[in-house]
2 protein chains.
Amino acid sequence: MQHATPQITNIVELLNAGNTAAVADLFAEAHPADIADALEQLTPANRPAAWEHIPEDEKGEVLAELNEGVFRDLAEELDNKELVNAIKVLDIDELADLIPDLPETLLADVLFEVDTQTRANLGEVLSYPEDSAGGLMNLDTVTVRDNISLDVVLHYLRLRSDLPDHTDAIYLVDRQNKLTGILPITSLITQAGGNPASQHIIEAPVIFQCLDDEEEVAKAFADYDLISAPVVDENQVLLGRITIDDVVDVIREQAEHDIMAAAGLKEEEDIFAPVAKTSRNRTVWLAVNLVTALLGSWVIGQFEGSIQQLVALAVLMPIVASMGGNAGTQTLTVVIRGMSLGTISRGNMMTVLKKETMVGVLNGIIWAVVIAVIAALWYQNLNLGLVIAAAMIANLVMGAIAGVCIPIFLDKMNIDPALAGGVALTTVTDVVGYFSVLGLATLLLL
Amino acid sequence: MQHATPQITNIVELLNAGNTAAVADLFAEAHPADIADALEQLTPANRPAAWEHIPEDEKGEVLAELNEGVFRDLAEELDNKELVNAIKVLDIDELADLIPDLPETLLADVLFEVDTQTRANLGEVLSYPEDSAGGLMNLDTVTVRDNISLDVVLHYLRLRSDLPDHTDAIYLVDRQNKLTGILPITSLITQAGGNPASQHIIEAPVIFQCLDDEEEVAKAFADYDLISAPVVDENQVLLGRITIDDVVDVIREQAEHDIMAAAGLKEEEDIFAPVAKTSRNRTVWLAVNLVTALLGSWVIGQFEGSIQQLVALAVLMPIVASMGGNAGTQTLTVVIRGMSLGTISRGNMMTVLKKETMVGVLNGIIWAVVIAVIAALWYQNLNLGLVIAAAMIANLVMGAIAGVCIPIFLDKMNIDPALAGGVALTTVTDVVGYFSVLGLATLLLL
């Protein structure tokens with residue numbers, strides 16, 4: 001890969017060696033995204049020192065590229081005036097992205113510093129939820145009236161002499177600024193100029209309403225291979241446009257969220273945050289886990305007498321709990337992905353439940369036979385093997401049912417299944433696993 | 001959201017009601033991506049029937065949009081001749097995507113049916129690894145010689161009268177087809193035509209080598225907000241270009257892979273696959289899990305005498321194992337993400353290890369106090385509380401160390417940390433958790 005800008009590799013060593021001139025030289029040539037990456041790789045203590053050497057006119061872009069957690073942390077360390085100067089030059093959509101992460105006093109300063117037009121635009125974008133099409137859009141649409149010729153359009157664009165990034169289409173609007181069509185800029189190049197613009201309009205593959213959810217937006221961009229798409233209000237009045245670069249960020253953040261949430265982490269987790277802060281961030285998750293673990297232990301506690309009589313139960317019960325948890329997590333993962341990709345919907349949910357339950361039964365039988373043989377041989381006790389086998393089937397079936405029902409239930413309750421699904425599932429499979437092993441053994445063996 | 005094409009909602013009911021005309025009407029107007037989504041929501045038994053009603057000239061695009069697992073399954077059901085006809089009209093990059101999933105006989109048929117030029121192009125793209133820049137590129141670059149004027153470029157493009165999708169730049173090449181610059185097509189619109197093209201070239205933010213890894217490509221597209229980027233060989237000869245639509249697919253597949261792999265699933269898992277097939281697909285994962293669970297049970301088995309003497313150990317030991325597993329998984333997740341995003345590298349790995357170990361110590365102490373109080377009150381046994389507390393600290397520290405070291409080790413061994421990391425980690429925390437509770441209790445209490 002050949003980069004137009006230098007890649008930043010050994011900045012820690014340069015900083016430690018006090019070679020600030022070299023750092024400044026590197027930053028002077030580097031792309032803001034690469035500078036942001038470099039800052040993220042530093043410990044919080046080193047970041048303000050590195051920040052000093054970023055060229056003034058790049059500082060805003062670097063802030064816009066930073067991981068949220070790192071940004072918030074750095075913002076606390078820096079002088080307000082300096083931050084405001086860096087931020088105020090950003091584009092509306094970048095400003096709108098940063099603003100939710102700003103401390104209130106800083107926010108007031110930024111709003112005071114930007115010009116009236118920017119403040120009005122910002123007010124408009126911020127009036128939509130952050131995760132909606134309105135919150136995601138830019139206001140830099142290039143519009144022309146729909147009754148002019150391509151030549152006039154071209155003349156107008158030459159006068160502008162510059163087009164916003166990611167402009168693959170000009171929007172045609174009527175007197176009321178209602179969107180009437182889109183004109184791909186490739187038509188301006190490949191078609192004869194005398195034709196009226198309206199002859200070359202194409203129907204927009206998709207037009208977003210300002211309140212559409214960003215996940216729908218991302219799916220539409222991916223499905224229809226879009227570069228940009230218009231956003232309108234309920235009267236078809238053009239409000240702005242969404243561009244693929246922002247959608248790519250949404251897709252990456254969504255993926256990051258799903259992966260991090262499964263371990264109870266926030267996607268903006270800063271890996272170099274101080275120990276105390278990290279420990280605090282992870283406390284709630286571990287507390288929830290402790291409560292669920294105590295629930296499992298309470299179940300075991302009800303059968304202390306049985307365990308004392310047949311200590312093999314204590315040895316074998318974690319296997320049943322663990323197999324149920326793993327099989328159930330497979331179902332859970334498939335169902336959560338299916339729901340978020342739209343493959344699973346109300347119409348085919350029963351099919352999924354039936355199928356996964358059958359998979360649970362089949363897998364239950366397979367692993368019941370395996371564990372029965374192992375347990376019977378280990379303890380020379382055929383009946384013990386049969387009890388563990390029955391518990392295994394019960395727990396794998398339960399895991400499958402819970403794997404389908406838990407995300408559906410959480411979704412209905414508006415709780416993020418990616419966050420809570422795993423804990424809820426393993427709580428079920430632990431409790432059912434311990435209870436079925438110990439309960440069946442108490443009933444049948446003792 | 002307003003779609004230019006109708007959305008497909010109730011196709012199962014239409015098929016079940018035998019209303020094939022309505023299905024055909026829907027498909028005739030729908031976007032191939034939406035038809036592919038609809039097929040994925042059907043059971044395998046229903047898919048061939050739905051396939052019949054897809055317009056002939058859309059069938060190839062629909063296949064290209066399908067989830068790999070669903071595609072392979074459907075390909076088995078359909079007539080070879082029909083498949084070949086559908087596939088042979090696709091673009092090179094779509095063909096190159098499908099080919100690794102084709103059965104061999106079908107592949108031979110496809111290669112026989114396409115024209116010589118396509119076969120040669122396909123040979124070129126397929127000569128690169130699927131997950132490399134070469135495997136990802138299209139060959140539809142628009143190139144001009146670097147010494148001509150913008151007017152001549154414009155004239156040439158008017159003659160072509162059409163540009164490939166996602167063309168945001170024309171590539172300038174010399175006599176040897178070496179890339180000398182890129183010309184944004186917006187310059188063609190906004191600049192005066194008499195200027196030589198070379199006056200408006202911009203430096204490409206990034207030029208890919210054919211063997212660059214697709215993850216690097218995805219990161220560069222996201223960092224530098226690219227629409228397309230050139231791919232060259234080691235002599236700077238232009239080979240093709242990568243476009244954002246394919247990169248979006250890479251980003252989505254990568255995210256899908258990471259989420260599915262954590263549960264031992266393939267990203268192309270078809271949720272409606274037959275029960276036996278699904279059960280078979282999940283067997284290896286459950287077998288691995290059984291072996292690791294048996295390892296934990298073996299450790300418990302070494303202390304049967306201790307459990308019989310103090311049954312509370314069987315009740316409390318899963319809590320220590322589970323807390324270690326959860327805390328360790330948090331570290332593991334952060335480290336795997338950091339490694340794949342490039343935040344963690346050789347230079348700062350020791351910092352991460354030190355920090356996470358300290359988090360493990362701090363969390364260990366916090367939860368040791370909590371569990372000590374609970375255990376001591378539950379069993380009215382202060383010494384038992386102290387033993388469990390010591391085991392908790394040991395296991396949380398171990399979980400943190402394993403969470404950092406396991407992904408580093410797996411990565412060195414070329415094993416996907418997203419796939420194997422979780423199992424490896426919980427094996428460690430289960431074994432250490434059980435061993436530390438039972439071992440310490442045996443030493444100190446009995």
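What counts and what doesn't
Residues numbered from 1 in each chain as written. Chains lettered and ligands numbered in written order. Predicted model: local features only at pLDDT ≥ 70, side-chain atom pairs only at ≥ 80, totals over all residues. Helix = DSSP H or I, 4+ residues; strand = E, 2+ residues; numbered from the N terminus. Rg over C-alpha atoms; globule rule 2.2 N^0.38 Å. Buried ≥ 20, exposed ≤ 12 C-beta atoms within 10 Å, placed from the backbone. Contact = placed C-beta atoms within 7 Å. Nonpolar A, V, L, I, M, F, W, Y, C, P; charged D, E, K, R; others polar. Pairing = 2+ DSSP bridges. Least-squares fit on C-alpha atoms with pLDDT ≥ 70 in both. Axes fitted to C-alpha atoms, helices over the stretch in contact; angles between N-to-C directions. Expected span 1.5 Å × (residues − 1). Parallel < 35°, antiparallel > 145°, perpendicular 65-115°, else oblique. Left-handed = near helix turned anticlockwise from the far one by under 90°. Core = buried A, V, L, I, M, F, W, Y, C linked by C-beta atoms within 7 Å. pLDDT = per-residue confidence, 0-100.

Caption draft 1: Representation of the overall build of chain A. Regarding its fold elements, chain A presents 21 helices and 7 strands. A compact globule built from 446 residues should have a C-alpha radius of gyration of about 22 Å, whereas chain A, at 29 Å, is more than 25% larger. Dimensions along the principal axes, computed over C-alpha positions, put chain A at roughly 90 × 60 × 40 Å. Here chain A holds 446 residues, and 50% of them are scored as buried. When contacts within chain A are restricted to residue pairs at least 6 apart in sequence, those whose partners lie at least 24 apart make up 72%.

Caption draft 2: Region of interest: the interface of chain A and chain B. Between chain A and chain B, the contact holds 108 residues from the first and 108 residues from the second. Sort the elements by how many residues they give to the side of chain A that touches chain B and helix α18 (residues 312–341) of chain A lands first, with 15 residues. Considered class by class, the residues forming the side of chain A that touches chain B number 55 nonpolar, 32 polar and 21 charged. Here strand β1 (residues 2–3) of chain A pairs with strand β5 (residues 206–209) of chain B via 2 bridges, running antiparallel. Bridge pairing links Q2 of chain A to I207 of chain B in β5 of chain B.

Caption draft 3: Highlighting the relation of the copies chain A and chain B. With an RMSD of 0.0 Å, the operation that places chain A on chain B is a rotation of 180° combined with a shift of 0.0 Å along the axis. Put plainly, the chains are arranged around a two-fold axis. Interface overlap between copies: 99% of the residues of chain A at the interface are likewise at the interface in chain B, consistent with a symmetric, same-surface contact.

Caption draft 4: Region of interest: unusual backbone geometry. Residue and element names in this part refer to chain B. Even without a glycine there, the phi angle at D225 is positive, about 55°. Here D225 lies in the loop between α14 (214–224) and β6 (228–232). D225 sits in the partly exposed class, given 17 other C-beta atoms within 10 Å. Even without being a glycine, N414 presents a positive backbone phi close to 60°. As for its placement among the helices and strands, N414 is situated in the loop between α20 (382–412) and α21 (417–444).

Caption draft 5: Focus on the sheet that holds strand β5 (residues 206–209) of chain A. The 4 strands lie next to each other as β7(A)-β6(A)-β5(A)-β1(B), forming an open sheet whose pairing is mixed. In this open sheet, the two strands that pair with only one neighbour each are β7 (238–243) of chain A together with β1 (2–3) of chain B. Across 2 bridges, β5 of chain A lies against strand β6 (residues 228–232) of chain A in parallel orientation. The residue bridging Q209 of chain A from the neighbouring strand is V232 of chain A, located in β6 of chain A. Sitting on the sheet, helix α15 (residues 244–261) of chain A touches β6 and β7 of chain A, and the angle it makes with β7 of chain A is about 60°.

Caption draft 6: Quick look at α18 of chain A. The terminal C-alpha atoms of α18 of chain A lie 44 Å apart, and with 30 residues this matches the ideal 44 Å at 1.5 Å per residue to within 8%. The element α18 of chain A is largely enclosed, with a buried count of 27 among its 30 residues.

Caption draft 7: Main features of the sheet that holds strand β7 (residues 238–243) of chain B. Taking strand neighbours across the sheet as the criterion, the 4 strands line up as β1(A)-β5(B)-β6(B)-β7(B) in an open arrangement whose pairing is mixed. The open sheet terminates on both sides in strands that have one partner only, identified here as β1 of chain A together with β7 of chain B. Both β6 of chain B and β7 of chain B contribute to a ladder of 5 bridges, which runs antiparallel. Following the sheet pairing, P230 of chain B is matched in β7 of chain B by R241 of chain B. Relative to β7 of chain B, helix α15 (residues 244–261) of chain B is tilted by about 60°, and along the sheet it contacts β6 and β7 of chain B.

Caption draft 8: Representation of the packing of helix α18 (residues 312–341) of chain B against helix α19 (residues 349–379) of chain B. Residues and elements named next belong to chain B. Running from N to C, α18 and α19 point in directions that differ by 155°, and their axes come no closer than 11 Å. By the angle between their directions, the pair α18 and α19 is classed as roughly antiparallel. In this structure, the crossing between α18 and α19 has a hand that is right-handed. Taken together, the residues of α19 that come into contact with α18 (itself represented by A312, L316, I319, M323, A327, T331 and V335) are V352, E356, G360, N363, W367, I371, A375 and Y379. Broken down by class, the residue content of the contact of α18 with α19 amounts to 11 nonpolar, 3 polar and 1 charged.

Caption draft 9: Fine view of the environment of A64 of chain B. Following the sequence through the fold, A64 of chain B ends up in helix α5 (residues 59–65). Sequence-distant contacts of A64 of chain B, defined by excluding residues within four places in its chain, comprise L90, E94, D97 and L98 of chain B.

Caption draft 10: Spatial organisation of helix α19 (residues 349–379) of chain A. The end-to-end C-alpha separation of α19 of chain A is 43 Å, in line with the 45 Å expected for 31 residues at 1.5 Å each. Where α19 of chain A is concerned, the buried positions are V352, K355, E356, V359, G360, L362, N363, G364, W367, A368, I371 and A375 of chain A. Next to the buried residues of α19 of chain A lie α18 and α20 (382–412) of chain A together with α16 (275–301) of chain B. In the stretch just after α19 of chain A, Q380 of chain A is the one whose phi turns positive, near 50°.

Caption draft 11: The arrangement of the nonpolar core in detail. Of all hydrophobic cores here, the largest spans 284 residues; its most connected members are L313, I388 and M392 of chain A together with L313, I388 and M392 of chain B. Once residues within four sequence positions are removed from consideration, L313 of chain A is found in contact with S306, I307, V437, L438 and A441 of chain A.

Caption draft 12: Main features of the packing of α14 of chain B against α15 of chain B. Residue and element names in this part refer to chain B. At a minimum axis separation of 10 Å, α14 and α15 run at an interaxial angle of 115°. With respect to the hand of their crossing, α14 and α15 are arranged in left-handed fashion. In this structure, α14 uses E214, E215, V217, A218 and F221 to contact α15, whose residues at the interface are I244, V247, V250, I251 and Q254. Its residues assigned to classes, the contact of α14 with α15 shows 7 nonpolar, 1 polar and 2 charged.

Caption draft 13: How the structure looks around the pairing of β7 of chain A. Burial runs high along β7 of chain A: 6 of the 6 residues are buried. The hairpin turn running from β6 of chain A into β7 of chain A, its antiparallel successor, is 5 residues long, and Q236 of chain A in that turn takes a positive phi close to 70°.

Caption draft 14: Just the environment of V248 of chain A, in detail. Examined against the element boundaries, V248 of chain A turns out to sit in helix α15. Judged by the 23 C-beta atoms lying within 10 Å of it, V248 of chain A is buried. Sequence separation between V248 of chain A and L396 of chain A is 148 residues; the distance between their C-alpha atoms is 38 Å. Apart from the residues within four sequence positions on either side, V248 of chain A is in contact with F221, A222, V248 and I251 of chain B.

Caption draft 15: The confidence of the model for chain A, seen in detail. All names here are of chain A. This prediction gives chain A a mean pLDDT of 92; 100% of its residues lie at or above 70. For chain A, the element scoring lowest by mean pLDDT is helix α1 (residues 11–16), at 82; α20 scores highest, at 97. Confidence metrics for the complex model read pTM 0.93 and ipTM 0.92.

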